[in-house]
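What the coordinates show
Residue strings, one per chain:
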Amino acid sequence: MDNKFKAFFKSLEDTTLIESTEKEKERIISLTNNKMPETFWDFYSKEMPDDDIEFGDFEFYGLERMIEENEDAVPGYIVMKYGLFVFASTFDGDGICFDMTKENFPVYQCSHSLIDEDEISYYKGKMCELETNYESIIKVSPLLANSFDEFIDMLIKDTVETYSVTEIIEGLDDEVE
């Protein structure tokens, strides 16, 4: 069976895929601690986009950008500590992450505006603050799909929805923890 993540990329115009090198494969394994969806690994271990790819509300990353997003950029370097791996973003700059702590690798939209190294804060009638930890990150990050494969299926059908920071905050509690 053909990899549906690969099939998705190949269906997009102006997409160039390049063969993955051993060094690149090792880098992905190192970044994810070898915890990644099979569909993701099956694709990136053989070939990958030579550059970032735009589709709908998303920008999918080539390997160099993926490394940068997970090591140096917000929210990637913060959420990575808690098991969330950024592989794409919204055009607003929010990270699209799969959860490496769960078997099915659910996909979340992690806001670059809300998540900070020390705290997560937002205004909803009053200033609300949460400690930056796994539970708080998941609380403020909309679930886009219950699994990575479901996310890919939704991409293929063009049914994935992203959220503005205003919509994210509207869905949050106004309790200060």
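You'll find the structure just up there.
The structure displayed is predicted, hence computed values, not measured ones.

Rules and cut-offs
- Residues numbered from 1 in each chain as written.
- Predicted model: local features only at pLDDT ≥ 70, side-chain atom pairs only at ≥ 80, totals over all residues.
- Heavy atoms only, no water.
- Buried < 20%, exposed > 50% of the residue type's maximum accessible area, 1.4 Å probe, protein only.
- Helix = DSSP H or I, 4+ residues; strand = E, 2+ residues; numbered from the N terminus.
- Arc of directions from axis to C-beta.
- Pairing = 2+ DSSP bridges.
- Axes fitted to C-alpha atoms, helices over the stretch in contact; angles between N-to-C directions.
- Salt bridge = Lys/Arg side-chain N within 4 Å of Asp/Glu carboxyl O.
- Phe/Tyr/Trp six-rings, centres within 6.5 Å; stacked < 30°, edge-to-face > 60°.
- Core = buried A, V, L, I, M, F, W, Y, C linked by side-chain atoms within 4.5 Å.
- Contact = heavy atoms within 4.5 Å.

The subject of this paragraph is helix α7 (residues 148-157). Buried within α7 are the following residues: Phe 148, Phe 151, Ile 152, Met 154 and Leu 155. The buried side chains of α7 occupy one side of the element, clustering within an arc of 160 degrees when seen end-on. Downstream of α7 by a residue or two, Asp 158 has a phi angle that is positive, lying close to 55 degrees.

Right, let's talk about the sheet that holds strand β3 (residues 53-55) for a bit. The strand order across the open sheet built from six strands is β3-β4-β5-β6-β7-β10, with neighbouring strands paired in antiparallel fashion. Only two strands of the sheet have a single partner each, and these edge strands are β3 and β10 (143-145). The sheet shows a mean angle of 35 degrees between the axes of neighbouring strands, direction not considered. Bridge count between strand β5 (residues 84-90) and strand β6 (residues 95-99): five bridges; the pairing is antiparallel. Paired with Phe 85 across the two strands is Phe 98, which belongs to β6.

Time to look at the pattern of salt bridges. Scanning all chains against the criterion turns up nine salt bridges. When the shortest N-O distance is used, the salt bridge between Arg 65 and Glu 59 registers 3.6 Å. By relative accessible area, which is 24% here, Arg 65 ends up partly exposed. Note that Glu 117 is salt-bridged to Lys 81, the shortest N-O span being 3.1 Å. In this pair, Glu 117 is assigned in the loop between β7 (107-110) and β8 (119-123) and Lys 81 in the loop between α5 (76-79) and β5, connecting sequence segments 36 residues apart. Exposure remark for Glu 117: the relative accessible area of 39% places this residue in the partly exposed category. Residues joined in a network through salt bridges with shared partners are Asp 52, Glu 59, Arg 65 and Glu 69.

This paragraph deals with the packing of aromatic side chains. For the structure on display, the rule yields 25 aromatic pairs. Both rings, one in Phe 98 and one in Phe 148, keep their centres 5.8 Å apart while their planes meet at 80 degrees; by these two values the pair is edge-to-face. Here Phe 148 lies in helix α7 and Phe 98 lies in strand β6, a separation of 50 residues in the sequence. A residue is classified by how much of its surface remains accessible, and Phe 98, at 0% relative accessible area, is buried.

Ranked by internal contacts, the top residues of the largest apolar core, which has 55 residues, are Phe 40, Phe 60, Phe 87, Phe 98 and Phe 151. Those residues in contact with Phe 60, other than ones at most four positions away along the chain, are Phe 8, Phe 9, Asp 51, Asp 52, Ile 53, Phe 55, Phe 87, Ala 88, Phe 151 and Leu 155.

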